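# Structure at a glance
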Amino acid sequence: MRINGFSKLKIMIVALFMSINLLAQTNFKNLNLMPVPEEMTVVSEKFLLNQSFTISINIDDARLYKAAKRTLDNLAKRTGLLIKDQFPIISKSSKDNSMLINVDKAVELELGIDESYDLIVDETSVRLNAATTFGAIHGLETLEQLLNSDETSYYIQGVQIKDKPRFPWRGLLIDVSRHFMPIEVIKRNLDAMAAVKMNVLHWHLTDDHGFRIECKSLPKLHELGSDGLYYTHEQILDIVDYAADRGIRVVPEFDLPGHATSWLVGYPEFASAPGPYSIERNWGIFNPTFDPTNKETYEFLTVFFKEMSTLFPDKYWHIGGDENNGKQWDTNSKIQEFMVQNKFKNNHALQNYFNIEVEKILSNLDKTMIGWYTDEMPELSKDYIIQAWKGRASLYQTSRNGFRSLLSHGFYIDLVQPTDYHYLNDPIPPDSILDDSVKEKILGGEATMWAEFVGPETIDSRIWPRTAAIAERLWSPSDVNDVQDMYRRLKIVSLQLENLGLTHIKNYEMMLRRLTNNFNVEVLKNFVDVIKPLYTYSRDHPHVFKSYYPLTRVVDVAIPDPKVAREFNQLVDSYLDDAEKDEDKTVVIKKWLKLWKNNHDNLVNIIKVRPVLKEIETLSEDLSKCASIGLEALDFISSNSKANEIWVTASYGTLKMAEIPKGETELAILKSIEKLISVVQ
Ligand code: ACM
């Protein structure tokens, strides 16, 4: 067929269009953004960043200035460019080579505000448009994630982004009662939350193990209930402001009527059984519970809440309500009598009464109550928000009953589960059959960082980077669920979080150095890179730990979803999927297996002089033995032969022993070894 000039041009245009399109779909898939925006078109242009880059803002808004200044600082830090500090700039138009932020209006930070933004980057300019300050702040975070470089320059990838969150409530709970977290820990975690567009810090301030906030009107609360580890009013106000600067609301939790030991140390007269009480040092569920039949309990709580309401401007207020074991109620004759008089048929009914009384106090302070799901639905106003933690069914049940709800089941990051498990835990999965009216009640969710097994040194490694994947689940459209692409981007985001001051990477190295006394650290690292901490509920079962135990052992260094192990497992899967075995993959798999096979002899020498490592000696030997099995299996595959029965039986036996956790840790590559055995048997 003859192609005329016009057709040739048409083919060229189509080819060009296809290549641009291809670029957008493959090389540029989701770029490095996390969370992925609702709508994004990637163009091949780049906006080159140089030191004359400025940001202009159309409104006078202190929070936005600060956010823009942080972005300039971060861009300067990551590029080494001497970007000039020119704030505040109020301008309706941008100068050459600069960014213009256009915000419709500055609003108060509250649930449900418009958080959308548009970001348009081309060769000549960067334009960020948003309905509110907080949408613009999210847009600035996206801009920072678009920073890239080539041989000659730093640049912002050309894009047209139209973005808004799927859910209005994207939270992280930090438990500061079981282990106290100094202010700098909270601040750096707020920085990280902002980077991935999370918008609620759920601050779990009181529990059996510590009352972590100063109360001037009832000073025995923090004086006797905290071991001296609590936040002052000034510190609380500072955090609330710091969070608001980043578009993050702070919702305090004061857990009641159970989980209340630390309250009752100073004020035992409000308990349901006589004191004295002391701060709890064990993990578990405990008896001390407020007396809901005592009128003075509510007077006490009125004084407390009134003072707290001067510190926390948010409308929402968490009263806990979980895991009241009812033992003190069951054995108190006055409480039992009250229940008979009021026809309360069980403790749930009594707790419901307590909640109704507490809600009255809070509504006088213009606060809306949130509580953990309990097995019996409370008879509260439909304004109440219920946080589902025991199962997904309770999320739907509460929403069907007309309550607004939050999902935390499946987002328990303290349980050290893999990132993809949390990532695919969609509050409203794509195939959901819920009515729209029920779906509307689901506000979003929260990752929960319970602090039995984390301290200031390790908390970041339990929250990040996995929580960035949860942030994406709660922000991005539900069809953004490609696990491999999530892991690709998570690696990049993890480094950006470190750049913001998070310690999840640097403390790994530091803790390894401490364990080996800085002697042959690499050898211990080779081992820890492929182990994971035991599932938390198995780790301390039955409860033996005390709250003052050090969190510096190998299990504390080990990370929940170890990258080396995950990438090795993926490689083995893809190797086994290939009909024709790929030589390059074989080489890499063998390299790892040889490393692990030989590592034990070196690690033993360190263990000899570092008693703290003794507990993982057998697991290190297990790793060595399993790596040998893997190598032998690869030899069978290479020679196209099958293993004999004796080898197969012995190998499965070794694997079984290796599966037993040691030092509260487990090997994370055993499934791959099992697969290698199974293909040669
Ligand atoms: C909870 O995990 N007890 C809410």
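Residues numbered from 1 in each chain as written. Predicted model: local features only at pLDDT ≥ 70, side-chain atom pairs only at ≥ 80, totals over all residues. Heavy atoms only, no water.

### A few points about the overall build of the chain
In terms of helices and strands, the chain carries 26 helices and 18 strands. Taking 26 Å as the expected radius of gyration for a compact globule of 681 residues, we find that the chain reaches 28 Å, a close match to that expectation. Principal axes of the C-alpha set define a box for the chain whose edges measure 95 × 75 × 50 Å. The buried share of the chain, taken over its 681 residues, is 58%. A total of about 28600 Å² of accessible surface is found on the chain, and carbon and sulfur atoms cover 53% of it. (Helix = DSSP H or I, 4+ residues; strand = E, 2+ residues; numbered from the N terminus. Rg over C-alpha atoms; globule rule 2.2 N^0.38 Å. Buried < 20%, exposed > 50% of the residue type's maximum accessible area, 1.4 Å probe, protein only. Areas by Shrake-Rupley, 256 points an atom, 1.4 Å probe, with all protein chains shown as cover.)

### Notes on the confidence of the model for the chain
Summing up the model confidence of the chain, the mean pLDDT is 93 and the portion of residues at 70 or higher is 94%. Confidence over residues 1–27 falls short of pLDDT 50; this stretch has seven contacts with residues more than four positions distant or in other chains. (pLDDT = per-residue confidence, 0-100. Contact = heavy atoms within 4.5 Å.)

### Brief notes about helix 16 (residues 466–475)
Counting along an α-helix, one turn takes 3.6 residues, and residues three or four places apart therefore face a common direction. Burial analysis of helix 16 places ten of its ten residues in the buried class, the great majority of the element. All of the buried residues in helix 16 are Arg 466, Thr 467, Ala 468, Ala 469, Ile 470, Ala 471, Glu 472, Arg 473, Leu 474 and Trp 475.

### A word on the environment of Ile 616
Counting through the fold element by element, Ile 616 comes out in the loop between helix 23 (583–609) and helix 24 (617–638). A sequence separation of 16 residues divides Ile 616 from His 600, and the C-alpha atoms of the two residues are 11 Å apart. Aside from chain neighbours lying at most four places away, what touches Ile 616 is Phe 527, Val 554, Leu 603, Ile 607, Lys 662 and Thr 665.

### Overview of the pairing of strand 5 (residues 126–132)
Of all the seven residues making up strand 5, five are buried; the element is thus mostly covered by neighbouring parts of the structure. Strand direction decides the pairing type here: strand 3 (residues 98–105) and strand 5, joined by six bridges, are parallel. Paired with Asn 102 across the bridge in strand 5 is Asn 129. Where strand 4 (residues 117–121) meets strand 5, five bridges bridge the pair, whose relative direction is antiparallel. If you follow Tyr 117 over to strand 5, its bridge partner there is Ala 130. Taking the residues that link successive antiparallel strands as the turn, the strand 4-strand 5 hairpin has four residues. (Pairing = 2+ DSSP bridges.)

### Regarding the packing of aromatic side chains
Across all of its chains, the model carries 35 aromatic pairs by this definition. Measuring from centroid to centroid gives 5.8 Å for Phe 47 and Phe 53, while their planes differ by 65 degrees, and the two rings are edge-to-face. By relative accessible area, which is 1% here, Phe 53 ends up buried. Ring geometry for Phe 312 against Trp 317: centres 6.4 Å apart, planes inclined by 90 degrees, an arrangement best described as edge-to-face. (Phe/Tyr/Trp six-rings, centres within 6.5 Å; stacked < 30°, edge-to-face > 60°.)

### Focus: helix 4 (residues 183–195)
Here helix 4 spans 19 Å end to end across 13 residues, near enough to the 18 Å set by a 1.5 Å rise per residue. All buried positions along helix 4 are accounted for by Ile 183, Val 185, Ile 186, Arg 188, Asn 189, Leu 190, Asp 191, Ala 192, Met 193, Ala 194 and Ala 195. Summarising the contacts, the buried residues of helix 4 are in contact with helix 3 (133–145), strand 8 (169–175), strand 9 (200–207), helix 6 (233–245), helix 15 (459–463) and helix 17 (483–499). Where helix 4 terminates, the next one or two residues include Lys 197, which has phi positive at roughly 65 degrees. (Expected span 1.5 Å × (residues − 1).)

### Description of the pattern of salt bridges
A complete count under the given rule lists 38 salt bridges for this structure. Two residues, Lys 162 and Asp 118, come together in a salt bridge whose shortest N-O distance is 3.4 Å. Taken as a pair, Lys 162 in strand 7 (residues 154–163) and Asp 118 in strand 4 lie far apart in primary sequence, 44 residues in all. Exposure remark for Lys 162: the relative accessible area of 44% places this residue in the partly exposed category. Judged by its relative accessible area of 24%, Asp 118 falls in the partly exposed class. The partner of Arg 178 in a salt bridge is Glu 452, with the nearest N and O atoms 3.2 Å apart. Of this pair, Arg 178 sits in the loop between strand 8 and helix 4 while Glu 452 is found in the loop between strand 16 (442–449) and helix 15, placing the two residues 274 residues apart along the sequence. Classification of Glu 452 by relative accessible area gives buried; the value is 19%. (Salt bridge = Lys/Arg side-chain N within 4 Å of Asp/Glu carboxyl O.)

### Quick word on the environment of Val 521
Within the secondary structure, Val 521 sits in helix 19 (residues 521–528). Between the C-alpha atom of Val 521 and that of Ala 67, which follows or precedes it by 454 residues, the distance is 40 Å. When sequence neighbours within four positions are dropped, the list of residues in contact with Val 521 reads Leu 512, Arg 513 and Thr 516.

### Overview of the nonpolar core
Counting residues in hydrophobic clusters, the biggest one holds 104 residues, and the most contacted among them are Trp 203, Trp 263, Phe 312 and Trp 464. With eight residues, helix 4 is the single largest residue contributor to this core. Leaving out residues up to four positions away in the same chain, Phe 312 has contacts with Trp 203, Leu 205, Ile 213, Ile 236, Val 240, Val 250, Pro 252, Phe 254, Trp 317 and Lys 367. The next biggest cluster of nonpolar side chains, apart from the first, holds 50 residues, and it includes Leu 515, Leu 593, Ile 607 and Trp 647. (Core = buried A, V, L, I, M, F, W, Y, C linked by side-chain atoms within 4.5 Å.)

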